[in-house]
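Here are the chains, one letter per residue:
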Amino acid sequence: MQRRFFYQSESFRKTPGAGILSVEEVIALIKSSKNWKIHRPDEDVVQRLITELHLPSLHAKILASRGFMDPATVKAFLATDATVLHDPFLLHDMGIAVARIQAAVEGGEHIVVYGDYDADGVTSVSVLTTALERIGADVSFVIPNRFEHGYGPNSELFQEIADMGASLIITVDNGVSGIEQTAFAKSIGLDIIITDHHEIGESLPLADAVIHPRHPEGNYPYGELAGVGVAFKLATALLGEAPLDLLEFAAIGTVADLVPLLDENRYFVKEGVRRLRMSSRPGIQALAKIGGTEQRQFTEETLGFMVGPRLNAPGRLGDADPAVELLKAEDSAVAMGIANELDRLNKERQALVNGITEEALTMIEDVNGSNIPHVFVLAKEGWNPGVIGIVASRLTEKFHRPSIVLAIDPVAETAKGSARSIEGFDLYKELSKNKELLPHFGGHAMAAGMTLALSDVDTLRDRLNEQAKDVLTEQQLVATVHIDVPLTIDEIEVDVLESLEQLRPFGMAFPKPIYMIENITVGSIRKIGAAKNHLKLELEDGASKLDAISFGSGELADEMTHGMSLMVTGDLQVNEWNNFKKPQILLQDIRSDERQVFDLRGIRDPLRWVHTIPKEHVRYIAFQEQTKKHFTPILPGIEIMMYEDRQPDASIEHIVLLDIPERQEQLELLIGVYNPGRIYAHFYAPESRYFDGIPDRQTFGWYFSFLKKRETFDLNTQGEQLAKHKGWKLDTIYFMSKVFFDLGFVTIENGVIQSVPTAGKRDLAEAPAYQERKRQIEMEERMLYAPYHELKQWFQKVHAEIAVEEETVWT
């Protein structure tokens, strides 16, 4: 987790100079990586769902946060089954399409299913070719090559299809943008049925039939089907019933294409995943094996992160046909061979993505340094056009900036690529303002593709950055995490987490919950992993405890202290080890409003703790000159500032207290100057007075009488002898002598003491030396020898008092 300096707080305070309440932006002492927007579900709704449906509170909170208010609606949602499937003939032109296909089957015509090279496209091809085979069709499939033919209908391929003797083309997951290509197909004697789900332009192709869930002349009940969903509806119409076994393919394509998981899509994925878990298809079994995943544990996340990328890989690098061949394979050995090839291609694709991403990051650093632009527009010759969309996604995720990544064609002198965006910057809208630079572009608010002249790349970059400055605020340039399921630890149990299965699938329009646990303390802190680069915590909420893991965040252990209060977000999981199950949270972000005190008092050698202190935004402070002299050679390269040289510095976030101040006021003033988020307390004290204490009045009295009886007493020659005789420390004699001198009871010259017969009575506590010793003991008691929790409470009290003073000034 990258840390940022600010988070957006839910708290409110008066803004200086203003009379209104505003959201407060404050220093986060454990700095969250994103802005947190916390949306709390209606407690009345949550309680009603718990009571009427007997749901765990966790489930009720998820549903309420997703807008489910009525128990009856929730009950229907959870019971999603085949009854949600709509009549396929409600799709515009479905009757025409079925009639033409049936005629082709009866007449022995050759049918070609024309697909797309992504996971939605290859599953669409698999669904429809399987259905056509079941009704006795003479059918084959063609998928355009991304690099040779581009996306969608291609006239050259249509000619090849005609030359092979086909008379009917059925597109799946593409077609509505192919107006000229469709006209060409018709001109050479081909009939063409288009099935698609992409955005419809100003006009539709003049095909024999256009099946689209949002057809302008149609009235289909649900318009958000993926390409495979449309193919499944056509298969249902052709077969006279829903081919439920083909939901295995429909689930994969629906998840991979990121369509809303509601209505029919929810059923496709829910039932499809159930069937995938026990599928006997060799291709599915092979995918599970090469992915290292137990088939019975498949979820929608398995499809999105394991299956989908492998089916996408061949189409990103060349020919997508093997993906279809794998899904339809009937022989286990053949399926395993194809699956291994897809796995190899996926690794090759990953290597390409990693390489291009590294090159892109280097370009960003070389060109921009630390001055990150509002929009990235990066172009380079040699970048693979099949994977640059993934690179754009990575850049947007890392920097939270709109990103355009282009592959340069030096022969055509063009740049072609993909774009990804963030909330607040509508890519399609902003690109449309530059359409004279973009002869070919398309997409939507969050993603787009484009081709432009190489000479126009710099102009596009400049324009988009100026446009972004007009529409994006500074806050929008920081990633936001929307938290809608706040929990307490006692709500998190193994059986509750396992029963979340009834809410699945999670995805678009029904997102996976981001959980937040607040008002918790840290019970234990550990760095784990061979490189100690991961963090493990035990979180506590009274008697309840929960393990927490954060990968790649081991350095955070140095920013945390036992018992500190914090809030966390993340994903809840069931961790099983040696047949023992326990819940845990996989952390995504951590936030703490609590200022930290790090106890370094018992570690004499500073080399044992200096590496745990940040190298930047920190100030080492000494109150005594001898302390600075002591530490300067031990800590080379570290500047040590004397207390009296303190100056306000907004860049200082933390302070290291090397020794103990003489007075409490010095420390309070120091905290007021720097307002540190973390205080590292070492408190070097080579001459501690705490255990010596202050001699009692009887001891003072004996020593005073002793001095009065003698004309002189030489501390230099006789002090040690007296100390041995009385069993005192020599320092005790020096201290009492100084007290008497301060009060005028004696004179001291070159170490020789003489009593003053005329001295009057005075209280020992009046002596400056006595007061200084008393203060030193009190400071040592509070700073050096107090239990950690008392030391922390004292610093927190000082911080609180300073905050009240500042608030009073503002008011």
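Because the structure is a prediction, the values reported are computed rather than measured.

Procedures and definitions
- Residues numbered from 1 in each chain as written.
- Predicted model: local features only at pLDDT ≥ 70, side-chain atom pairs only at ≥ 80, totals over all residues.
- Heavy atoms only, no water.
- Helix = DSSP H or I, 4+ residues; strand = E, 2+ residues; numbered from the N terminus.
- Rg over C-alpha atoms; globule rule 2.2 N^0.38 Å.
- Contact = heavy atoms within 4.5 Å.
- Areas by Shrake-Rupley, 256 points an atom, 1.4 Å probe, with all protein chains shown as cover.
- Pairing = 2+ DSSP bridges.
- Axes fitted to C-alpha atoms, helices over the stretch in contact; angles between N-to-C directions.
- Patch = residues over 30% accessible without salt bridge, like charges linked within 9 Å, V, L, I, M, F, W, Y side chains within 5 Å.
- Salt bridge = Lys/Arg side-chain N within 4 Å of Asp/Glu carboxyl O.
- Lys, Arg positive; Asp, Glu negative; His and termini not counted.
- Charge placed at Lys NZ, Arg CZ, Asp CG, Glu CD.
- Phe/Tyr/Trp six-rings, centres within 6.5 Å; stacked < 30°, edge-to-face > 60°.
- Buried < 20%, exposed > 50% of the residue type's maximum accessible area, 1.4 Å probe, protein only.
- Lys NZ or Arg CZ within 6 Å of the ring centre and 35° of its normal.
- Core = buried A, V, L, I, M, F, W, Y, C linked by side-chain atoms within 4.5 Å.
- Expected span 1.5 Å × (residues − 1).
- Parallel < 35°, antiparallel > 145°, perpendicular 65-115°, else oblique.
- Left-handed = near helix turned anticlockwise from the far one by under 90°.
- Nonpolar A, V, L, I, M, F, W, Y, C, P; charged D, E, K, R; others polar.

*Asks:* Now, about the overall build of the protein chain: what can you tell me, with residues and values included?
*Replies:* In terms of helices and strands, the protein chain carries 25 helices and 28 strands. The C-alpha radius of gyration of the protein chain comes to 37 Å, more than 25% above the 28 Å expected for a compact globule of 811 residues. Taking the contacts inside the protein chain whose residues are at least 6 apart along the sequence as the reference set, 67% of them involve residues at least 24 apart. Approximately 37800 Å² of the protein chain is accessible, and the part contributed by carbon and sulfur atoms is 50%.

*Asks:* Can you lay out the sheet that holds strand E23 (residues 640–642) for me, pointing to particular residues and giving the numbers?
*Replies:* Within the open sheet, the 5 strands sit side by side as E21-E25-E24-E22-E23. Their pairing is parallel. Unpaired on one side and paired on the other, strand E21 (596–599) and E23 mark the two borders of the sheet. On average, adjacent strands in this sheet sit at an angle of 30° to one another, irrespective of strand direction. Bridge count between strand E24 (residues 654–659) and strand E25 (residues 678–684): 5 bridges; the pairing is parallel. Within the sheet, the bridge partner assigned to His-654 lies in E25 and is Arg-678.

*Asks:* Describe the sheet that holds strand E4 (residues 110–114), with residues and values.
*Replies:* Overall, parallel pairing links the 5 strands, which are arranged E5-E4-E6-E7-E8 in an open sheet. Both edges of this open sheet fall to strand E5 (138–142) and strand E8 (209–211), since each of them pairs with a single strand only. Across the sheet, the mean angle separating the axes of adjacent strands is 20° when strand polarity is ignored. Across the sheet, helix H4 (residues 94–106) touches E4, strand E6 (166–171), strand E7 (191–195) and E8, and the angle it forms with E6 is around 145°.

*Asks:* Tell me about a negative patch on the surface, and name the residues and values.
*Replies:* Taken together, the side chains of Glu-148, Glu-156, Glu-160, Asp-163, Asp-319 and Glu-325 define an acidic patch exposed on the protein surface. Here the negative patch takes 3 residues from helix H6 (residues 155–163), the largest share from any one element.

*Asks:* Lay out the packing of aromatic side chains in plain terms, naming residues and giving numbers.
*Replies:* Considering all chains together, one arrives at 27 aromatic pairs under this definition. When the ring of Phe-68 is compared with that of Phe-510, the centres are 6.3 Å apart and the planes differ by 90°; the resulting orientation is edge-to-face. In this pair, Phe-68 is assigned in the loop between helix H2 (57–65) and helix H3 (71–78) and Phe-510 in the loop between helix H18 (494–498) and strand E16 (515–528), connecting sequence segments 442 residues apart. Taken as a pair, Phe-68 and Phe-510 share a single burial class, namely buried. Seen from the ring of Phe-510, Arg-266 lies directly overhead, with NZ or CZ sitting 5.8 Å from the centre. Here the guanidinium or amino end of Lys-726 rests over the ring plane of Trp-702, the centre of that ring lying 4.1 Å away.

*Asks:* Give me the nonpolar core: which residues, what numbers.
*Replies:* Membership of the largest hydrophobic core comes to 72 residues, with the highest contact counts inside it found for Ile-101, Ile-111, Leu-132, Ile-170, Leu-234, Leu-303 and Leu-311. Sorting elements by how many residues they give to this core places helix H8 (residues 227–239) first, with 8 residues. When near neighbours in sequence (up to four residues on either side) are disregarded, Leu-303 contacts Ala-251, Ile-252, Val-255, Val-273, Leu-276, Phe-298, Gly-308 and Pro-309. One finds Leu-49, Leu-500, Val-568 and Leu-572 within the second-largest nonpolar core, a separate group that totals 42 residues.

*Asks:* Summarise the pattern of salt bridges; cite the residues concerned and give the values.
*Replies:* As enumerated under the stated definition, the model contains 46 salt bridges in all. We note a salt bridge from Arg-663 to Glu-662, for which the minimum N-O separation is 3.8 Å. A relative accessible area of 35% places Arg-663 in the partly exposed class. Put simply, Asp-742 and Lys-738 hold a salt bridge, and the shortest N to O gap is 2.8 Å. A residue pair is termed a helical-turn pair when its members lie 3 or 4 positions apart in one helix, as Asp-742 and Lys-738 do in helix H23 (residues 730–742) at 4 residues. A residue is classified by how much of its surface remains accessible, and Asp-742, at 21% relative accessible area, is partly exposed. Look at the salt bridges and you will find they share partners, linking Arg-100, Glu-109, Lys-186, Asp-191 and Asp-208 into a network.

*Asks:* Would you mind going over helix H9 (residues 247–256) in detail, with residue names and values included?
*Replies:* Where burial is concerned, most of H9 is hidden: 9 out of the 10 residues are buried. Where H9 is concerned, the buried positions are Leu-247, Glu-248, Phe-249, Ala-250, Ala-251, Ile-252, Gly-253, Thr-254 and Val-255. Taken together, the buried residues of H9 touch helix H5 (119–134), H8, helix H10 (263–276), helix H11 (282–290), helix H12 (300–317) and helix H13 (321–328). Looking one or two residues beyond H9, the residue adopting positive phi is Leu-258, at roughly 60°.

*Asks:* If you had to explain the environment of Ala-339 to someone new, which residues and values would you point to?
*Replies:* Relative to the assigned elements, Ala-339 resides in helix H14 (residues 332–368). Ala-339 sits in the buried class, given a relative accessible area of 0%. Taking the C-alpha atoms as reference points, Ala-339 and Gly-283, 56 residues apart in sequence, are found 7.3 Å from one another.

*Asks:* Give a description of H8 that names residues and reports values.
*Replies:* Since the α-helix packs 3.6 residues into each turn, any two residues three or four apart lie on the same face. In this model, H8 (13 residues) spans 18 Å end to end at C-alpha, consistent with the 18 Å of a helix rising 1.5 Å per residue. H8 sits mainly inside the fold: 12 of its 13 residues count as buried. Among all positions of H8, only Gly-227, Val-228, Gly-229, Val-230, Ala-231, Phe-232, Lys-233, Leu-234, Ala-235, Thr-236, Ala-237 and Leu-238 are buried. Two residues or fewer past H8, Gly-240 is found with a positive phi of approximately 85°.

*Asks:* Tell me about the packing of H4 against H8, residues and numbers included.
*Replies:* Put simply, H4 and H8 touch, their axes get as near as 10 Å, and they point 60° apart. Considering the angle they form, H4 stands oblique to H8. The hand of the H4/H8 crossing is right-handed. Here Met-94, Val-98 and Ile-101 of H4 lie close against H8, whose contacting residues are Lys-233, Leu-234, Ala-237 and Leu-238.

*Asks:* Which residues make up the packing of H23 against helix H24 (residues 768–784), and what values do they have?
*Replies:* Contact geometry of H23 with H24 gives a least axis separation of 7 Å together with a crossing angle of 130°. Here H23 lies oblique to H24, going by the angle between them. Seen from H23, the contacting residues are Asp-731, Phe-735, Lys-738, Val-739 and Asp-742; seen from H24, they are Pro-768, Ala-769, Tyr-770 and Arg-773. Among the residues forming the contact of H23 with H24, the class breakdown is 5 nonpolar, no polar and 4 charged.

*Asks:* Residues and numbers for the side chain of Glu-264, please.
*Replies:* One can find Glu-264 in helix H10. Under the relative-accessibility criterion, Glu-264 is labelled buried at 0%. With residues near it in sequence (within four places) discarded, Glu-264 still touches Val-84, Leu-85, His-86, Tyr-220, Tyr-222, Leu-225 and Lys-233.

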